[in-house]
Amino acid sequence: MSVVISDEILQASQLTPSEFCQEIALFLFQTGRLTIGYASQLADMQPNTFRQILKQRKIPLYSYEVEDFELDLKNLRELGRL
């Protein structure tokens, strides 16, 4: 499937087509909609390069929610490690 972005939208964004795709990829990764593999593919760059951009933008590679932490605590208690 192809997506067409009008020249008007590109001009309004003040981004090149590749920058536009990169921004979309970063957003979709940050919101958990795409894996790093798919996001780097959408941005048309190697995963390591994409990781470097994430680091520059202070976008975490992994999302660790409070629920995850609570589950980890529960599991550690059940294992007798806490």
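A few points on the structure. (Residues numbered from 1 in each chain as written. Predicted model: local features only at pLDDT ≥ 70, side-chain atom pairs only at ≥ 80, totals over all residues. Heavy atoms only, no water.)

**Some points on the side chain of Gln 22**
(1) Moving on: On the secondary structure map, Gln 22 appears in helix α2 (residues 17-30).
(2) Moving on: Judged by its relative accessible area of 17%, Gln 22 falls in the buried class.
(3) Moving on: Ignoring any residue separated from it by four or fewer positions in sequence, one finds Gln 22 in contact with Ala 43, Met 45, Ile 53 and Arg 57. (Helix = DSSP H or I, 4+ residues; strand = E, 2+ residues; numbered from the N terminus. Buried < 20%, exposed > 50% of the residue type's maximum accessible area, 1.4 Å probe, protein only. Contact = heavy atoms within 4.5 Å.)

**Examining the nonpolar core**
Where a protein is soluble and globular, its nonpolar side chains tend to be buried together.
(1) Moving on: Ala 25, Leu 26, Phe 29, Ile 36, Ala 39, Ala 43, Met 45, Phe 50, Ile 53, Leu 54 and Ile 59 together form the largest nonpolar core, which totals 11 residues.
(2) Moving on: Broken down by secondary-structure element, the contributors of at least two residues to this core are α2, α3 (36-42) and α4 (47-56).
(3) Moving on: Contacts of Phe 50, omitting those with residues within four sequence positions, involve Ala 25, Leu 26, Phe 29, Ile 36, Ala 39, Ser 40, Ala 43 and Met 45. (Core = buried A, V, L, I, M, F, W, Y, C linked by side-chain atoms within 4.5 Å.)

**Describing the environment of Ile 9**
(1) Moving on: Residue position: Ile 9 is located in helix α1 (residues 7-13).
(2) Moving on: Residues Ile 9 and Phe 20, 11 residues apart in the sequence, show an inter-C-alpha distance of 9.9 Å.

**Some details on a nonpolar patch on the surface**
(1) Moving on: Nonpolar side chains collect at one region of the surface, where Met 1, Val 3, Ile 5 and Ile 9 lie side by side and expose about 470 Å² of accessible area between them.
(2) Moving on: Since its relative accessible area comes to 97%, Met 1 is described here as exposed. (Patch = residues over 30% accessible without salt bridge, like charges linked within 9 Å, V, L, I, M, F, W, Y side chains within 5 Å. Areas by Shrake-Rupley, 256 points an atom, 1.4 Å probe, with all protein chains shown as cover. Salt bridge = Lys/Arg side-chain N within 4 Å of Asp/Glu carboxyl O.)

**Regarding the packing of α2 against α4**
Relative orientation and spacing of two packed helices are given, respectively, by the angle between their axes and the distance between those axes.
(1) Moving on: Viewed as axis vectors pointing N to C, α2 and α4 meet at an angle of 75°, and their least axial separation amounts to 12 Å. Considered as vectors, α2 and α4 are oriented roughly perpendicular to each other. Contacts between α2 and α4 involve Gln 22, Ala 25, Leu 26 and Phe 29 from the former and Phe 50, Ile 53 and Leu 54 from the latter. (Axes fitted to C-alpha atoms, helices over the stretch in contact; angles between N-to-C directions. Parallel < 35°, antiparallel > 145°, perpendicular 65-115°, else oblique.)

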